[in-house]
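What the coordinates show
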Amino acid sequence: MFRHFDRKQQRELAGCEANHIICAKRHQFFFFVSGVTFSYGTAGFRADGLKLSSTVFRAGVLAALRSLKTGYAVGLMITASHNPITDNGIKIADPDGGMMAQDWEPFADALANAPDPQSFVKLVLHFAKEENISLSRESSAVILLGRDTRPTGESLLEAAKQGIKCIIGSVALDMGIVTTPQLHWMVRSKNMGMKASESDYFMQLSESFRCLMDMIPKEMTVKGIVTQLMVDGANGVGGDKLEQLKTLLTGLQIQVKNTSKQGEGILNEGVGADYVQKEKVPPRCFGPNDIGLRCASLDGDADRLVYFRISKINSSSIDLVDGDKILSLFALFIKAQLHCLNKSESDGLRNVLPARVGVVQTAYANGASTDYLKQLGLEVVLTPTGVKYLHKKAAEYDIGIYFEANGHGTILFSEYFLSNLQKMGNDLASSNAGSEPHKAALRLLAVSKLINQAVGDALSGLLLVEVVLQYMGWSMQNWIELYDDLPSRQLKVKVADRTAVITTNAETKVVQPFGLQQAIDAETAKYHQGRCFVRPSGTEDIIRVYAEAFSQEAADSLARSVSQHVDHFLGFRTSQKSD
Ligand SMILES: CC(=O)N[C@H]1[C@@H](OP(=O)(O)O)O[C@H](CO)[C@@H](O)[C@@H]1O
Ligand SMILES: [Mg+2]
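These figures come from a predicted structure and were not determined experimentally.

1. Side note on unusual backbone geometry
- Following Gln512, the chain continues into Pro513 via a peptide bond in cis, with omega recorded as 0°.
- Considering the arrangement of structural elements, one finds Pro513 in the loop between strand 17 (509-512) and helix 18 (516-524).
- Of note, Asn235 is a non-glycine position whose phi angle comes to about 55°, a positive value.
- Its location among the elements puts Asn235 in strand 6 (residues 228-236).
- Positive phi, close to 60°, is recorded for Asn258, a residue that is not glycine.
- Note that Asn258 resides in strand 7 (residues 253-259).

Spelled out as structure tokens, the structure:
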């Protein structure tokens with residue numbers, strides 16, 4: 001049942017008794033932002049943080065309904081990730097810790113754009129009826145709230161609480177300032193009946209890290225692989241949390257720069273994984289003193305991770321190790337462990353653990369990485385951009401490894417595979433304890449605890465990278481040389497209406513406007529190893545152009561000429577002309 005709407009509406013809403021009604025006023029948080037159409041997009045609602053309180057209030061109602069519908073706790077995270085500090089955003093985590101089910105997005109959009117409280121209430125009533133959601137006093141929703149370090153976060157969190165309160169009996173649990181993956185992890189753990197606090201998160205990560213480090217082969221430990229790591233915290237929440245986590249780790253010396261607590265820099269300004277990956281330059285506070293060191297960069301809410309090394313020749317350029325190379329490193333490690341498990345066959349034991357391994361990428365994955373993964377014999381699938389698509393696809397495998405080139409990704413293990421692995425581990429413990437197959441089973445089990453099963457997580461990803469490099473005895477150089485990235489270029493084109501671009505085939509082909517794809521094909525054909533696609537961004541009001549070719553000049557030139565075509569087909573000049 002609802003508070004904050006007039007009595008008649010409330011009676012209509014829940015068919016409830018008059019004495020359940022608490023407040024009859026129009027809610028202070030309900031206002032309409034004219035000229036803005038909110039869309040749930042690639043990763044929730046995003047806008048200028050000062051314009052978002054009504055949207056967040058409405059998302060609070062949405063989250064409560066989602067919890068009522070599923071019967072489990074859901075999450076509500078206030079963040080705009082790698083975007084400027086003045087932006088903010090909101091997204092909802094489903095009970096399994098993943099993104100909100102896509103079939104609720106149209107309802108989310110309708111709620112966010114309702115012009116007045118009456119139509120808002122009407123929408124909620126109608127949807128609740130359609131979805132069979134009971135708004136009675138007996139049912140109660142549980143919502144875990146989190147926010148990043150943005151200054152607008154605190155007041156937006158209050159707006160979310162007010163929205164949640166509109167559904168009587170709802171409980172909002174404020175988890176404070178957390179990384180996005182921490183909140184998703186907490187939702188998942190809580191619903192699985194496991195410990196779900198921040199210290200439980202740190203404990204699970206540090207214990208599984210220790211377990212994996214303890215099983216590093218002796219010959220690798222004597223190799224003396226560098227254990228020093230420099231991390232750029234994007235002046236955000238991730239650096240602060242890593243400072244806490246690192247006190248629980250042994251065998252790794254982490255130095256964090258650009259934490260929000262250091263108080264010098266601005267969130268995501270000249271720092272962070274998105275900046276490093278797109279600009280291919282070192283973040284602020286990294287310079288000649290860091291040349292040759294292994295460095296990592298997190299984004300503003302710590303769900304993305306990239307590695308880099310500052311070049312010896314020119315300290316303002318870097319060797320980038322992006323999400324594709326992190327994925328490749330993980331894929332090699334998983335493959336090696338599965339191979340070890342199968343060694344039990346030669347010992348006369350039956351191979352009891354066939355595993356279907358899938359690798360999921362988007363069209364932004366560097367072509368060289370896709371070739372490399374296919375050469376490893378792995379099944380590689382492309383999905384549209386946005387982790388909600390990659391995650392869903394990866395969940396179809398026994399082991400699904402997914403990464404966006406920008407560094408968002410994780411490894412998913414199916415429950416079925418994990419329970420078989422656990423059984424096999426137990427069998428090996430009694431028949432062949434300490435053997436390579438036994439260790440491989442233990443390693444895979446530890447990886448499933450270390451790497452976030454809910455969503456891509458820079459902190460858990462970073463720990464797994466460090467373990468795998470130690471396990472392989474690899475330097476940064478070995479990793480960089482895994483394959484050579486094809487030169488690429490990404491550009492943004494501002495157009496009159498980005499929704500005019502409709503794509504297909506995992507966003508690699510344009511269907512509308514007619515003729516644009518032909519123009520892209522004609523340009524691409526001019527370049528050796530050329531590949532190019534365009535798509536409307538889900539988080540910014542622009543069209544993105546991605547181009548790849550045999551040389552940097554060629555990739556730049558292909559991206560530029562295709563941008564001109566996009567501008568010609570869709571730019572402001574075109575729309576003015578057609579007006
Ligand atoms: C090319 C690119 O990096 N796109 C990003 C970006 O989405 P766009 O829809 O491209 O704006 O933000 C998403 C959310 O963080 C992320 O999932 C995605 O990979
Ligand atoms: Mg992010």
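2. Looking at the UniProt feature "domain: Alpha-D-phosphohexomutase alpha/beta/alpha" (unreviewed entry) in the protein
- Those residues carrying the UniProt feature "domain: Alpha-D-phosphohexomutase alpha/beta/alpha" (unreviewed entry) are residues 66-103 in this numbering.
- Note that residues 66-103 is 13% helix and 32% strand, and that its end C-alpha atoms are spaced 12 Å apart.

3. Notes on the site of ligand 1
- Thr42, Ala43, Ser537, Gly538 and Thr539 are the nearest of the 15 residues found near ligand 1.
- Residues of the shell around ligand 1, tallied by class, amount to 3 nonpolar, 9 polar and 3 charged.

4. Notes on the UniProt feature "binding site: Mg(2+)" (unreviewed entry) in the protein
- Here, the residues flagged by UniProt with the feature "binding site: Mg(2+)" (unreviewed entry) are Ser81, Asp299, Asp301 and Asp303. Spanning 223 residues, the named residues nonetheless gather at one spot, since no C-alpha pair among them exceeds 8.0 Å.
- With respect to the helices and strands, Ser81 occurs in the loop between strand 2 (74-78) and strand 3 (87-93).
- C-beta crowding within 10 Å serves as the criterion here: with 28 such atoms nearby, Ser81 is assigned to the buried category.
- In this structure Ser81 touches Ala43, Asp299, Gly300 and Asp301, once residues within four positions along its chain are discounted.
- In this view, Asp303 contacts Thr179, Thr180, Pro181, His408, Val455, Gly456, Asp457 and Ala458; residues no more than four positions away in its chain are not counted.

5. Quick look at the sheet that holds strand 10 (residues 318-321)
- Pairing in this open sheet of 5 strands is mixed, and the strands run 7-6-8-9-10 from one edge to the other. Single-partner strands in this sheet number two, and they are strand 7 and strand 10. Adjacent strand axes in the sheet meet at a mean angle of 25°, parallel and antiparallel pairs treated alike.
- In this structure, strand 6 lies alongside strand 7, joined through 6 bridges in parallel fashion. Counterpart to Asp232 in the pairing with strand 7 is Lys257.

6. Topic: the pairing of strand 12 (residues 379-382)
- When strand 11 (residues 357-361) meets strand 12, the two strands line up parallel, connected through 4 bridges. Across the sheet, Val359 pairs through a bridge with Val380, a residue of strand 12.
- Tracing the backbone out of strand 11, into helix 12 (residues 367-375) and back to the parallel element strand 12 gives a crossover that is right-handed.

7. Digging into the environment of Lys325
- Among the secondary structure elements, Lys325 is positioned in helix 11 (residues 323-342).
- The spacing of Lys325 and Ala405 is 80 residues in sequence and 8.4 Å in space, taken between C-alpha atoms.
- Non-local contacts of Lys325, meaning those with residues more than four positions away in its chain, are made with Ser369, Trp479 and Leu482.

8. Some words on the domain arrangement of the protein
- You can read the domains of the protein as domain 1 (7-177), domain 2 (212-318), domain 3 (324-480) and domain 4 (488-578).
- In this structure, domain 2 and domain 4 have C-alpha centres spaced 33 Å apart.

9. Some points on the pairing of strand 11
- The sheet contact formed by strand 11 and strand 13 (residues 399-403) spans 4 bridges and is parallel. Looking at strand 13, one finds that Val357 is bridged to Ile399.

10. A word on the packing of helix 18 against helix 19 (residues 552-570)
- Following both chains from N to C, one finds helix 18 and helix 19 inclined at 160°, their axes separated by 10 Å at the closest point. Between helix 18 and helix 19, the interaxial angle falls into the category roughly antiparallel. As helix 18 packs across helix 19, the resulting crossing turns out to be right-handed. Note on element contacts: helix 19 touches helix 18 through Leu558, Ser561, Val562, His565 and Phe569, opposite Leu516, Ala519, Ile520, Glu523 and Thr524.

11. Looking at the sheet that holds strand 19 (residues 543-548)
- The sheet built from 3 strands is open, its strands ordered 15-19-18 with antiparallel pairing. Unpaired on one side and paired on the other, strand 15 (488-493) and strand 18 (531-536) mark the two borders of the sheet. The mean inter-strand angle of the sheet, taken between neighbouring strand axes irrespective of direction, is 15°.
- One ladder, built from 6 bridges, connects strand 15 with strand 19; its direction is antiparallel. Looking at strand 19, one finds that Lys492 is bridged to Arg544.
- Here helix 19 sits on the sheet in contact with strand 15, strand 18 and strand 19, set at roughly 150° to strand 19.

The rules behind each value
Residues numbered from 1 in each chain as written. Chains lettered and ligands numbered in written order. Predicted model: local features only at pLDDT ≥ 70, side-chain atom pairs only at ≥ 80, totals over all residues. Helix = DSSP H or I, 4+ residues; strand = E, 2+ residues; numbered from the N terminus. UniProt positions renumbered as here; feature names shortened; annotations may be inferred. Near = placed C-beta within 6 Å. Nonpolar A, V, L, I, M, F, W, Y, C, P; charged D, E, K, R; others polar. Buried ≥ 20, exposed ≤ 12 C-beta atoms within 10 Å, placed from the backbone. Contact = placed C-beta atoms within 7 Å. Pairing = 2+ DSSP bridges. Axes fitted to C-alpha atoms, helices over the stretch in contact; angles between N-to-C directions. Right-handed = clockwise from strand over helix to strand, strands pointing away. Domains from an automatic or database assignment. Parallel < 35°, antiparallel > 145°, perpendicular 65-115°, else oblique. Left-handed = near helix turned anticlockwise from the far one by under 90°.

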